[in-house]
Amino acid sequence: MITIEPEKIHKALADLRSEGYDFLRSLTGMDWGEEGLGVVYHLGKTTTGENTVVKTATLNREHPELPSVCDLWKAAEFNEREVYDYFGIRFIGHPDMRRLYLREDWVGHPFRKDYDESLNPLRMTNEEPDDVTHHYEELPDGSVIKKREVIFDQDEYIINIGPQHPATHGVLRFRVSLEGEIIKKLDVHCGYIHRGIEKMCESLTYPQTLALTDRLDYLAAHHNRHALCMCIEKALGLEVSERVQYIRTIMDELQRIDSHLLFFSCLCMDLGALTAFFYGFRDREKILDIFEATTGGRLIQNYNTIGGVQADIAPDFVKKVKEFIAWLRPTLKEYHEVFTGNIIAHGRLDGVGVLSREDAISFGATGGTGRASGWACDVRKRHPYAMYSKVDFKEIIRTEGDCFARYMVRMDEIVESMNIIEQLIDNIPEGSFQEKTKAIIKLPEGSWYSAVEGSRGEFGVYLESRGDKYPYRLKFRSTGLPLVSIMDTVCRGAKIADLIAIGGTVDYVVPDIDR
Amino acid sequence: MEIKKPTIKGIPYEEWKNNDYLEDMVRQLNENGTNVVVGCLDDLINWGRSNSLWPLTFATSCCGIEFMAVGAARYDFARFGFEVTRASPRQADMIMVAGTITHKMAPVLKRLYDQMADPKYVVAVGGCAICGGPFKKSYHVLQGVDKILPVDVYIPGCPPRPEALLYGMMQLQRKVKLEKFFGGVNRKQDKE
């Protein structure tokens, strides 16, 4: 990890950017107490897969200010707003310095170690929609001024979608400026399901923090927990047995199929095809049955633990999984007949909401969305973990970048996931399913980052420990946040009805965005 | 005439878990007697209402997926009259609060509830909606929807299984069967 002074950070990052670090993997706000408030940047090269970590800190707690890196990576736009929200660090040069999750009338910044919770009782007043925002600019003499910025003009026609809307897949809110039917601008409001999971983790022991990961992106429950377990195991220097690696990989892939089936169902329902919704859910229940027999849970499984898994696989697990794959292969063809070939589906999806490869990388939109734009961003291929280096599978990449490509990538990934499972399911080695760990797990001082391929992109965990049994800071690289941040770019010029198709194919899960 | 015990086809009366509070409601309603004509009309309306409760499509997080699963092919709540979910609160009879309610969402939820037409019912689904659940210590989570709405049925679980959701929804049906729309006041149970 490289530490750089705040005065030089922008220059240093710009240099790294021109060296080829075009992917901002994660941007984490930090409160190091006496060492000041700061930011940790995780950068990656898409060409070689190299990574580097840069950090910076400012000692001024009253008015902490850092230069914005929005001009280098678009992903910084939402992430810096998040850091402002959590820590109160103002980013000079950021075009829109509003809070991202909390209400504008929230007092203080909750992730600071000296935050006083009693300042913010429940407010039942309705929020005022904000049409103006502000940004901070540095004058040549070094002083900083606040400038007003207009999001929506007085005479613009604005439609509000959400937070209660069936097509936003949860409680996401868009404010859309329209010209006739064409979207001129889109403003995303997050935070309606901001549960403060990261902050809560700071007062939980390591095994306790695991429970909350499942509830982030509940359609990637296994992946999320896998990432955190991997991160803690990395910090402990704990090797898990090969049996555990097999089980985790199979479970991850089952979860991916589960998530993609739900994606298929919900997308079809959003576009008005109710039959396909029932098909998808019917088959999804079969996976849930398999999960239930082994883990005891349907949606939230709490299966991975530090050093292994909660319980050994059920006696009929192998048989059930094989039966399921034998069932799903022909059923997928049926899906394609019912929906993929449908002329209405093509009309709604083809050429709609095109995301370019450059934008996908700049925003850090990983997962199916990135791969549909031609960016080979699969963590399973780039940084193999668990059993992925030993299995043979194809990374599905399309180049169109439109809604249909995003849809097809996910449908084809179901097939690839089945291929992976088939390669592993017969050879699960014998061994223990849980390594012995100490009763109280304490991590050494340091920081670690580990990532897995979640159902909808790279899910990363950044963990900083000070040698306690609690994490000092635990940050989850949300898979959904980059996905909503592309919405403004992708939707401009599209029709209002396309917003539903784009939102459906981008496939975000809102609790994962808000955390 | 007397108001009868609330029964549901398929499950015998003794197998329901909490009968006592419903029996208490029956006793209260029977205290002053009921007119035969009005009582029969009440029966008819309650029969209709309890078998066509339309929920609002409202889900904030994990429980929402289970709510969708209950609506889908295997569990299919249309069998019990929950038929269709409505996207507009003005057309819905009940709101299933499925998922965590945060401080930012609380005023929105209250507004949704206010927009619904009477008679309206609230079901709190899952630990989060009941008391904050696993997020009880969070700075941004409402500690139970009963702080802002009158809740009729609580369905515990994290998330509750579809069977539990169905059981809870049928409990609500039994409660709906005990209402007086003519010649009486609808009672909500007082907090003790």
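Being a predicted model, the structure only gives us computed values, none of them experimental. Every chain begins its residue count from 1, and numbering advances along the sequence as written. All chains are assigned letters beginning with A, and all ligands numbers beginning with 1, in the order in which they are written. Only residues with pLDDT of 70 or above have their local features reported here, since the model is predicted, and side-chain atom pairs are shown and tallied only from 80 upward, although totals for entire chains, interfaces and linings are computed over all residues. Excluding hydrogens and water, the side-chain values take into account all heavy atoms of the structure.

1. A word on the overall build of chain B
For chain B, the count of helices and strands is 6 helices and 4 strands. Secondary structure is summarised from DSSP: a helix means a run of H or I of at least four residues, a strand means a run of E of at least two, and numbering begins at the N terminus for each. Along chain B, helices and strands appear, N-terminal first, in the series α-α-β-α-β-α-β-α-β-α. For the radius of gyration, the atoms used are the C-alpha atoms, and the globule rule reads 2.2 Å times the number of residues raised to 0.38. Compactness check: chain B gives a C-alpha radius of gyration of 17 Å against a globular reference of 16 Å for 192 residues, within 12% of the reference. Taken along its principal axes, the extent of the C-alpha atoms in chain B is 50 × 35 × 30 Å. For every residue, the accessible area obtained with a 1.4 Å probe (protein chains only) is divided by the maximum for its type, and the residue is called buried under 20%, exposed over 50%, and partly exposed between those limits. Taking all 192 residues of chain B together, 52% fall into the buried category. Here, residues are in contact when the closest pair of their heavy atoms is within 4.5 Å. Sequence-distant contacts, at least 24 apart, represent 77% of the contacts inside chain B between residues at least 6 apart. Surface summary for chain B: the accessible area is close to 8700 Å², and the carbon and sulfur share equals 55%. Computed over 25 positive and 21 negative side-chain charges, the separation of the two mean positions in chain B equals 6 Å. Values of accessible area rely on a 1.4 Å probe in the Shrake-Rupley scheme; residue burial ignores everything except the protein chains shown. By the counting scheme adopted, Arg and Lys are positive, Glu and Asp are negative, and His together with the chain ends is not counted. For this purpose, a charge sits on NZ of Lys, CZ of Arg, CG of Asp or CD of Glu.

2. Looking at the overall build of chain A
Counting its regular elements, chain A contains 17 helices and 16 strands. Relative to the compact-globule value of 24 Å for 515 residues, chain A shows a C-alpha radius of gyration of 23 Å, a close match. Its C-alpha atoms put chain A at 70 × 60 × 50 Å along the principal axes. Counting over 515 residues, chain A shows a buried share of 63%. Considering only contacts in chain A between residues 6 or more positions apart, those separated by 24 or more positions represent 67%. Accessible area of chain A: about 18400 Å², with a carbon and sulfur share of 50%. Of the charged side chains in chain A, 63 are positive and 81 negative; the average position of the first set lies 2 Å away from that of the second.

3. Here we look at the pairing of strand β14 (residues 446-454) of chain A
Residue and element names in this part refer to chain A. Of all 9 residues in β14, 7 are buried; the element is thus mostly enclosed. Each pair of strands is called paired provided DSSP finds at least two bridges between the two strands. Sheet analysis places β14 next to strand β15 (residues 457-465), joined by 9 bridges and oriented antiparallel. Looking across to β15, one finds that S447 is bridged to E464. Where β14 hands over to β15, the hairpin turn is made up of 2 residues, counted between the paired strands.

4. Focus: the domain arrangement of chain B
Residue and element names in this part refer to chain B. When its domains are assigned, chain B resolves into domain 1 (1-38) and domain 2 (52-185). Marked domain ranges trace back to an automatic or database domain assignment. One C-alpha centre belongs to domain 1, the other to domain 2, and the line joining them spans 23 Å. Taken together, the contact pairs 19 residues of domain 1 with 11 residues of domain 2. Taking both partners together, domain 1 and domain 2 bury about 1400 Å²; carbon and sulfur atoms supply 68% of that area. For this analysis, a salt bridge means a side-chain nitrogen from Lys or Arg found within 4 Å of a carboxyl oxygen belonging to Asp or Glu. The interface formed by domain 1 and domain 2 contains 0 salt bridges. Identification of polar contacts relies on pairs of N or O atoms within 3.5 Å, with a donor-acceptor requirement for protein atoms, meaning one able to donate a hydrogen and the other able to accept it, and with residues adjacent in sequence counted only if both atoms are side-chain atoms. Linking domain 1 with domain 2 are 3 residue pairs in polar contact (both at pLDDT 80 or more). Classification used: nonpolar for Ala, Val, Leu, Ile, Met, Phe, Trp, Tyr, Cys and Pro, charged for Asp, Glu, Lys and Arg, polar for all others including Gly. Classifying every residue of the side of domain 1 that touches domain 2 gives 12 nonpolar, 5 polar and 2 charged. The quantity reported as buried area is the accessible area (1.4 Å probe) lost by two parts once they are put together, taken as the sum for both.

5. Points about the confidence of the model for chain B
As a per-residue measure, pLDDT reflects the predictor's confidence and takes values from 0 up to 100. When pLDDT is averaged along chain B, the result is 83, and 94% of the positions lie at 70 or above. If you check the scores for this complex, the pTM reads 0.89 and the ipTM reads 0.86.

6. Describing the nonpolar core
Residues belong to a common nonpolar core when they are buried Ala, Val, Leu, Ile, Met, Phe, Trp, Tyr or Cys residues joined through side-chain atoms within 4.5 Å. Counting residues in hydrophobic clusters, the biggest one holds 178 residues, and the most contacted among them are L13, Y41, F174, L254, Y407, M487 and Y508 of chain A. When residues of this core are assigned to their parent elements, the largest contribution, 12 residues, is made by helix α6 (residues 242-270) of chain A. The residues contacting L254 of chain A, other than those within four sequence positions of it, are I287, I290, F291, F317, V321 and I421 of chain A. One finds V70, M96, I155 and M169 of chain B within the second-largest nonpolar core, a separate group that totals 20 residues.

7. What about the sheet that holds strand β16 (residues 473-477) of chain A?
All names here are of chain A. Read across the open sheet, the 3 strands follow the order β14-β15-β16; overall the sheet is antiparallel. On the outer flanks of this sheet lie β14 and β16, each paired with one strand and no other. On average, each strand axis in the sheet is inclined to that of its neighbour by 10 degrees, with strand direction left out of account. Sheet analysis places β15 next to β16, joined by 5 bridges and oriented antiparallel. Residue pairing across strands places L463 opposite L474, the latter belonging to β16. Sitting on the sheet, helix α5 (residues 221-236) touches β14, β15 and β16, and the angle it makes with β14 is about 150 degrees. To get an axis, fit a line to the C-alpha atoms, keeping to the stretch in contact for a helix; angles then go from 0 to 180 degrees between the N-to-C directions.

8. So, a nonpolar patch on the surface
Residues and elements named next belong to chain B. Patch membership requires over 30% relative accessible area and the absence of a salt bridge. Like charges are linked within 9 Å, and nonpolar side chains (Val, Leu, Ile, Met, Phe, Trp, Tyr) within 5 Å. Residues V36, V37, L41, L44 and W47 make up a contiguous nonpolar surface patch of about 530 Å² in total accessible area. For V37, the position within the fold is in helix α2 (residues 36-50). Judged by its relative accessible area of 57%, V37 falls in the exposed class.

9. Brief notes about the interface of chain B and chain A
Counting residues at the interface gives 41 residues for chain B and 50 residues for chain A. A per-residue breakdown of the area chain B buries against chain A is headed by K104, F135 and Y139 of chain B, which together make up 22% of the total. On inspection of chain B and its partner chain A, the count reaches 4 salt bridges. Summed over the shared surface of chain B and chain A, the number is 12 residue pairs in polar contact (both at pLDDT 80 or more). Within the side of chain B that touches chain A, the residues separate by chemical class into 25 nonpolar, 9 polar and 7 charged.

10. Regarding α5 of chain A
Expected span of a helix: the number of residues minus one, times 1.5 Å. With 16 residues, α5 of chain A extends 23 Å between its outermost C-alpha atoms, agreeing within 8% with the 22 Å of an ideal straight helix rising 1.5 Å per residue. Of all 16 residues making up α5 of chain A, 14 are buried, and the element is well covered by its neighbours.

11. Details of the domain arrangement of chain A
Residue and element names in this part refer to chain A. By the assigned domains, chain A splits into domain 1 (2-116) and domain 2 (197-426 + 433-509). Measuring from the centre of the C-alpha atoms in domain 1 to the corresponding centre in domain 2 gives 26 Å. Facing 31 residues of domain 1, the contacting portion of domain 2 comprises 25 residues. Carbon and sulfur atoms supply 55% of the area buried between domain 1 and domain 2, which totals about 2400 Å² over both sides. On the domain 1 side of the contact with domain 2, F23, R25 and K74 bury the most area, a combined 26% of that side's loss.

12. Things to note about the side chain of R473 of chain A
Residue and element names in this part refer to chain A. Within the secondary structure layout, R473 lies in strand β16. Within polar-contact distance, the side chain of R473 engages the backbone oxygen of G29 at 2.8 Å. Of the polar contacts made by the side chain of R473, one reaches the side chain of E198; its length is 3.2 Å. In contact with R473, other than residues within four places in its own chain, are T28, G29, M30, Y86, F87, F111, E198, E202, Y462, L463 and E464.

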